[in-house]
Amino acid sequence: MGILFKQYLSGDRIYTCSQCKTHCTDHGQLISKAFQGRHGRAYLFSDVVNVTLGPREDRMLITGLHTVCDIYCITCNCVLGWKYEVAYEENQKYKEGKFILEKAKVQKEGSW
């Protein structure tokens, strides 16, 4: 398997995996809290760290058809959300390359 390299984020508002506390992203990467995931509310971020990507698949979401990849914590392999690879609706193109983290799968650390 090899050596696992993790990024540790500095700052006082960090989102971490709720299972193992691995850093996922910083509050400064947050784009929107107005999203829905499989397990309730979800957040859209411009970038995340310490994740691996699952296979690409077409998925019909509330806002139409998208090609997405599930994202997994590199430490505990928990599904944290997904990455938007392709948005087929023109008004959804802004999501391409962005990440959804489900609120139920992450927690806040630092001074909120």
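Please read these numbers as outputs of a predicted model, since none were measured by experiment. (Residues numbered from 1 in each chain as written. Predicted model: local features only at pLDDT ≥ 70, side-chain atom pairs only at ≥ 80, totals over all residues. Heavy atoms only, no water.)

Caption draft 1: Quick peek at the packing of aromatic side chains. Enumeration according to the criterion identifies four aromatic pairs in this entry. Geometrically, the ring pair formed by W82 and Y84 is edge-to-face, given 6.2 Å between the ring centres and 80 degrees between the ring planes. The exposure class of Y84 is buried, given its relative accessible area of 3%. A connected cluster of aromatic rings, assembled from ring pairs, spans Y15, Y43 and F45. (Phe/Tyr/Trp six-rings, centres within 6.5 Å; stacked < 30°, edge-to-face > 60°. Buried < 20%, exposed > 50% of the residue type's maximum accessible area, 1.4 Å probe, protein only.)

Caption draft 2: How the structure looks around the pairing of strand β2 (residues 23-26). Of the pairings in the sheet, the one linking strand β1 (residues 13-17) to β2 comprises three bridges and is antiparallel in character. Across the sheet, T16 pairs through a bridge with H23, a residue of β2. Where β1 folds back on β2, the antiparallel hairpin that results is connected by five residues, among which K21 adopts a positive phi of roughly 70 degrees. (Pairing = 2+ DSSP bridges. Helix = DSSP H or I, 4+ residues; strand = E, 2+ residues; numbered from the N terminus.)

Caption draft 3: Geometry of a nonpolar patch on the surface. Among the surface-exposed residues, M60, L65 and Y88 lie close enough to one another that they form a single nonpolar patch of about 320 Å² accessible area. Inspection of the secondary structure assignment puts M60 in strand β5 (residues 51-61). Look at M60 and you get exposed, because its relative accessible area is 62%. (Patch = residues over 30% accessible without salt bridge, like charges linked within 9 Å, V, L, I, M, F, W, Y side chains within 5 Å. Areas by Shrake-Rupley, 256 points an atom, 1.4 Å probe, with all protein chains shown as cover. Salt bridge = Lys/Arg side-chain N within 4 Å of Asp/Glu carboxyl O.)

Caption draft 4: Representation of the UniProt feature "domain: Yippee" (unreviewed entry) in the protein. Under the local residue numbering, the UniProt record ascribes the feature "domain: Yippee" (unreviewed entry) to residues 13-110. Secondary structure content for residues 13-110 is 0% helix and 63% strand, while the C-alpha to C-alpha distance between its ends is 5 Å. (UniProt positions renumbered as here; feature names shortened; annotations may be inferred.)

Caption draft 5: Here's a closer look at the sheet that holds strand β7 (residues 79-87). Read from one edge of the open sheet, six strands run β3-β4-β8-β7-β6-β5, paired in antiparallel fashion. Of all strands in the sheet, those bounded by a partner on one side alone are β3 (30-37) and β5. The mean angle between the axes of side-by-side strands here comes to 30 degrees, regardless of whether they run parallel or antiparallel. Bridge count between β5 and strand β6 (residues 64-73): nine bridges; the pairing is antiparallel. Paired with E57 across the strands is V68, a residue of β6. (Axes fitted to C-alpha atoms, helices over the stretch in contact; angles between N-to-C directions.)

Caption draft 6: The arrangement of the environment of G11 in detail. Secondary-structure assignment places G11 in the segment before β1. In this structure, the C-alpha to C-alpha distance between G11 and Q36, residues 25 residues apart in sequence, is 27 Å.

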